[in-house]
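# Per-entry structural report
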Number of protein chains: 2
Amino acid sequence: MKIAIDAHGGDNGAKAVVDGAVLACMEYDCEIILVGELAELTKLLSTVPENARKKITITDARNSLDMHAESKVILKGKRDSSMAVALTLVAEGAADACVSGGNTGALVMGGTFIVKRIPGLSRAALATVMPSQTGACMLLDVGANSDCKPEMLLQFGMLGSLYMEKVMKIDSPKVGLLNIGTEEHKGIELYVESNKLMREKATYNFIGNIEGRDFPMGVCDVVVCDGFTGNIALKVFEGVGLSLYQQIKGVFLTNILTKFAALLCKKGLKAFKKKMDYKEYGGAPLLGLCAPVIKAHGNSDSIAFKNAIRQAIFFLNTDMISEIKKNLEV
Amino acid sequence: MKIAIDAHGGDNGAKAVVDGAVLACMEYDCEIILVGELAELTKLLSTVPENARKKITITDARNSLDMHAESKVILKGKRDSSMAVALTLVAEGAADACVSGGNTGALVMGGTFIVKRIPGLSRAALATVMPSQTGACMLLDVGANSDCKPEMLLQFGMLGSLYMEKVMKIDSPKVGLLNIGTEEHKGIELYVESNKLMREKATYNFIGNIEGRDFPMGVCDVVVCDGFTGNIALKVFEGVGLSLYQQIKGVFLTNILTKFAALLCKKGLKAFKKKMDYKEYGGAPLLGLCAPVIKAHGNSDSIAFKNAIRQAIFFLNTDMISEIKKNLEV
């Protein structure tokens, strides 16, 4: 299987991407197509061990996309950017999946119009797997669609449920609708109508409304919402996690005794940190496209890129896309 | 100053409310009017120390409001409930402020139509003060208004800014608009328009859009959003905080050595826990009414009720309401 990687997507430059690709090649059975500036990539690959090097090819792309550029530039003006070329390799069958840490809006736009949506699906959704008290939980949409309709949220539930079942191996995933109360009449119109539609038509294990405090506690495996709400929820989640982690770290760094205490808890703290670390979860899959497209975190280091590539591989190893198609035919 | 307390608002029964009122009487210069079932309250007060007892009176109210009742029942059908009677005491000038841990929707409805909004204000907002990396931050609206207009968000910024300045003593509070990106064009229509309006018309220190991960880190003192988004953000905040706290606790409880480590960090952990504890912050003020109305957390214990009463006192000790009026005249 071949994964096309946008070498210029990400805040840490091409080196972090290339190092991540090399790590992935050595650990997993895959081939990598690095898409980007030929001279720079050739140089970065010159010191790579031969067993990894032979699994990596380069596709030249001279242009790159700014993180703050408007999404539509990927279709007009920037069709020669590393992101657009990587997506085109997938669309043309030269690669099986694409990973990019670049501009999220452009990746959603490019994924939708270059790789293309699965026929019958209203919208693709950006999804993210986050740690919960009991394991992991998928939140979607987290930013691909700010304005949603009930039919879209119904489909997002199906996409999330299939992902958690096929990729994360969870049996009959529990799907909740993010809302401001558990009662069916709660929330704005979109959520009242979505709740009704999901109760009537969901082909998955819909458990009703859940509140913002429920999913970090692990009450469900998939949380469905519109992209505006989901993006806020995801970022509050990250912000609180980071803030608390730094405060706890501060407690341990107070004096010599607390530093000793940190040593005594080292194993547990390490496991805790690993669980909370977004890098461990790879990237955010863009669900609903004809092939896997993974958005890696913008400031991913090589480990995070490796894990995003791992996620593309796990995704490719399932029959998820054909299952989505089957579901849409019903 | 007299505070009317809804004795039957809260999940822990009238005893927690009465105990909180007694604690507040002993600590602060205030009188309390307990509103609720005369016989039950008389009995609960029978064992109270005389110096507190003489500062507390009872107003009989035979009815109470269910936590899941529809908001409008406070105006029709339940005008004799403890919550409605407590609000009426404020409206009639028999009390200066009201505290309730009961049904949030009913309190917003009752506050708006019994105590009444300050003339010229579109809507009252439910606000909550939460811990941040650098101190405290007010989030509003967190549930009073699911459907908002830009003019409302503009006013919410003014309410939050005045509260943080007058009650929390923060100089020129930084006000941010919660959004999915810092750029002005980001987000759904309401937020694009609100950003524009706030840039043009804010009479306070508006710093532009902020993201969900920014406010736990302490980038601003006030976060403005619609009540649906704010309620989700608040509850994700609480859920992640609780989940992480339990996980850290789990690390310390692993074995005898980690338990010893917890002892070594006791002081820092206690300070951390106190900072994260919603009880310390009192309740959520309903801002924009003609008198202070404080929503205590539903499952408040006596300490949390005492702190909610303290918040009403601090609020009354400022010229916040006349300042809001002045601002609306501009």
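Since we're looking at a predicted model, the values are computed, not measured.

Once turned by 180 degrees and shifted 0.0 Å along the axis, chain B lies on chain A with an RMSD of 0.0 Å. With respect to symmetry, the two chain copies, as superposed, fit the operation of a two-fold axis. Closest approach to the rotation axis within chain B is made by the C-alpha atom of Ala261 of chain B, at a distance of 2.1 Å. Here 100% of the interface residues in chain B have copies in chain A that are interface residues too; the copies meet face to matching face.

It is common to report an interface's size as the accessible area lost on association of the parts. The interface of chain B with chain A comprises 48 residues on the first partner and 48 residues on the second. For the interface between chain B and chain A, the tally reads four salt bridges. Between Glu211 of chain B and Lys235 of chain A there is a salt bridge whose closest N-O contact spans 2.3 Å. For the interface between chain B and chain A, the tally reads 18 residue pairs in polar contact (both at pLDDT 80 or more). Secondary structure elements with two or more residues in the side of chain B that touches chain A: helix H8 (227-252), helix H9 (256-264) and helix H10 (266-276) of chain B. The biggest single contributor to the side of chain B that touches chain A is H8 of chain B, with 20 residues.

Before going further, it helps to examine the packing of helix H10 (residues 266-276) of chain A against H8 of chain B. Taken N-terminus to C-terminus, the directions of H10 of chain A and H8 of chain B make an angle of 155 degrees; their axes are 9 Å apart at the nearest point. Judged by the angle between their axes, H10 of chain A and H8 of chain B are roughly antiparallel. Crossing geometry of H10 of chain A relative to H8 of chain B is assigned as right-handed. Touching Gly268, Leu269, Phe272, Lys275 and Met276 of chain A of H10 of chain A are Leu244, Gln247, Ile248 and Val251 of chain B, all from H8 of chain B. Here the residues of the contact of H10 of chain A with H8 of chain B sort into six nonpolar, two polar and one charged.

Once that is clear, we can look at the pattern of salt bridges. Residue and element names in this part refer to chain A. One pass over the full model with this rule turns up 20 salt bridges over all chains. As a salt-bridge pair, Lys196 and Glu200 come within 3.3 Å of each other at their nearest N and O atoms. With Lys196 and Glu200 both in helix H7 (residues 189-201), this residue pair falls four residues apart, about one helical turn. We classify Glu200 as exposed; its relative accessible area is 53%.

Residue and element names in this part refer to chain A. Packing of helix H1 (residues 13-27) against helix H2 (residues 38-45) brings their axes to within 10 Å, and their N-to-C directions diverge by 50 degrees. Relative to H2, the element H1 lies oblique. Remark: the crossing between H1 and H2 carries right-handed chirality. Seen from H1, the contacting residues are Ala14, Lys15 and Val18; seen from H2, they are Glu40, Leu41, Leu44 and Leu45.

Each strand in a sheet pairs with another by means of backbone hydrogen bonds, the pair being arranged parallel or else antiparallel. Residue and element names in this part refer to chain A. The 11 strands are arranged S3-S2-S1-S4-S11-S10-S5-S6-S9-S7-S8 in an open sheet whose pairing can be described as mixed. The open sheet terminates on both sides in strands that have one partner only, identified here as strand S3 (56-60) and strand S8 (205-210). Each neighbouring strand pair of the sheet contributes to a mean axis angle of 25 degrees, computed without reference to strand direction. Pairing geometry for strand S5 (residues 125-132) and strand S6 (residues 135-140), over six bridges, is antiparallel.

Across all of its chains, the model carries seven aromatic pairs over all chains by this definition. Residues Tyr191 of chain A and Phe228 of chain B carry aromatic rings whose centres are separated by 4.8 Å and whose planes lie at 40 degrees to one another, so their mutual orientation is tilted. One end of the pair, Tyr191 of chain A, is in helix H7; the other, Phe228 of chain B, is in helix H8, on a second chain. We classify Phe228 of chain B as buried; its relative accessible area is 1%. Between Tyr163 of chain B and Phe315 of chain B the ring centres are 5.7 Å apart and the planes differ by 85 degrees, which places this aromatic pair in the edge-to-face class. A residue pair is termed long-range when its members are at least 10 positions apart, and Tyr163 of chain B in helix H6 (residues 150-166) and Phe315 of chain B in helix H11 (residues 302-316) qualify at 152 residues.

Right, let's talk about the pairing of strand S6 (residues 135-140) of chain B for a bit. Residue and element names in this part refer to chain B. For S6, the tally of buried residues reaches five of six residues, placing the bulk of the element in the interior. Linkage of strand S5 (residues 125-132) to S6, two consecutive antiparallel strands, is achieved through a turn of two residues. Sheet topology places S6 next to strand S9 (residues 222-224); three bridges connect them, and they run parallel. Looking across to S9, one finds that Met138 is bridged to Val222.

Turning next to helix H4 (residues 82-91) of chain A. One full turn of an α-helix is made of 3.6 residues, so residues set three or four places apart face in the same direction. Residue and element names in this part refer to chain A. Most of H4 is tucked away: nine of the 10 residues are buried. For H4, the set of buried residues is Ser82, Met83, Ala84, Val85, Ala86, Leu87, Thr88, Leu89 and Val90. Those residues of H4 hidden inside the fold are in contact with strand S1 (2-6), strand S2 (31-36), S3, strand S4 (97-100), helix H5 (104-116) and strand S11 (293-295). Positive phi shows up at Gly93, right after H4, with a value of about 85 degrees.

Now for the sheet that holds strand S7 (residues 174-178) of chain B. All names here are of chain B. Judged by pairing direction, the sheet is mixed, and its 11 strands sit side by side in the order S3-S2-S1-S4-S11-S10-S5-S6-S9-S7-S8 without closing on themselves. Unpaired on one side and paired on the other, strand S3 (56-60) and strand S8 (205-210) mark the two borders of the sheet. Strand after strand, the sheet turns through a mean of 25 degrees between neighbouring axes, direction not considered. The pairing of strand S10 (residues 284-287) with strand S11 (residues 293-295) spans three bridges and is classified as antiparallel. Considered in S11, the bridge of Leu286 is made with Val293.

Moving on to the nonpolar core. Judged by nonpolar contacts, the single largest core of 236 residues is most densely connected at Ile32, Leu140 and Phe215 of chain A together with Ile32, Leu140 and Phe215 of chain B. Residues within four places of Phe215 of chain A in sequence aside, it is in contact with Met130, Ser132, Cys137, Leu178, Ile210, Cys220, Val223 and Phe237 of chain A together with Val236 of chain B.

Another point: empty space enclosed by the protein. Gaps left between atoms are located by rolling a probe of water-molecule size over the structure's atoms. Going through the model one piece at a time under the given rule, you end up with three cavities of 30 Å³ or more. Volume-wise, the largest cavity comes out at about 40 Å³. Taken together, Pro131, Ser132, Gln133, Pro216, Phe237 and Met276 of chain A together with Val240, Ser243, Leu244 and Gln247 of chain B make up the lining of the largest cavity. Elements with a minimum of two residues in the lining of the largest cavity: S5 of chain A together with H8 of chain B.

Next up on the list: helix H6 (residues 150-166) of chain A. The first and last C-alpha atoms of H6 of chain A sit 25 Å apart over 17 residues, in line with the 24 Å expected at 1.5 Å per residue. Here H6 of chain A lies mainly inside the structure; 15 of its 17 residues are buried.

The rules behind these values
Residues numbered from 1 in each chain as written. Chains lettered and ligands numbered in written order. Predicted model: local features only at pLDDT ≥ 70, side-chain atom pairs only at ≥ 80, totals over all residues. Heavy atoms only, no water. Least-squares fit on C-alpha atoms with pLDDT ≥ 70 in both. Contact = heavy atoms within 4.5 Å. Salt bridge = Lys/Arg side-chain N within 4 Å of Asp/Glu carboxyl O. Polar contact = N/O pair within 3.5 Å; in protein donor to acceptor, adjacent residues only side chain to side chain. Helix = DSSP H or I, 4+ residues; strand = E, 2+ residues; numbered from the N terminus. Axes fitted to C-alpha atoms, helices over the stretch in contact; angles between N-to-C directions. Parallel < 35°, antiparallel > 145°, perpendicular 65-115°, else oblique. Left-handed = near helix turned anticlockwise from the far one by under 90°. Nonpolar A, V, L, I, M, F, W, Y, C, P; charged D, E, K, R; others polar. Buried < 20%, exposed > 50% of the residue type's maximum accessible area, 1.4 Å probe, protein only. Pairing = 2+ DSSP bridges. Phe/Tyr/Trp six-rings, centres within 6.5 Å; stacked < 30°, edge-to-face > 60°. Core = buried A, V, L, I, M, F, W, Y, C linked by side-chain atoms within 4.5 Å. 1 Å grid on protein atoms, 1.4 Å probe; cavity = no way out; pocket = protein on both sides within 12 Å on 5 of 7 lines; lining within 4 Å. Points joined across faces, edges and corners; volume = space filled by probe spheres on them. Expected span 1.5 Å × (residues − 1).

Nothing here speaks to function; it is all geometry.
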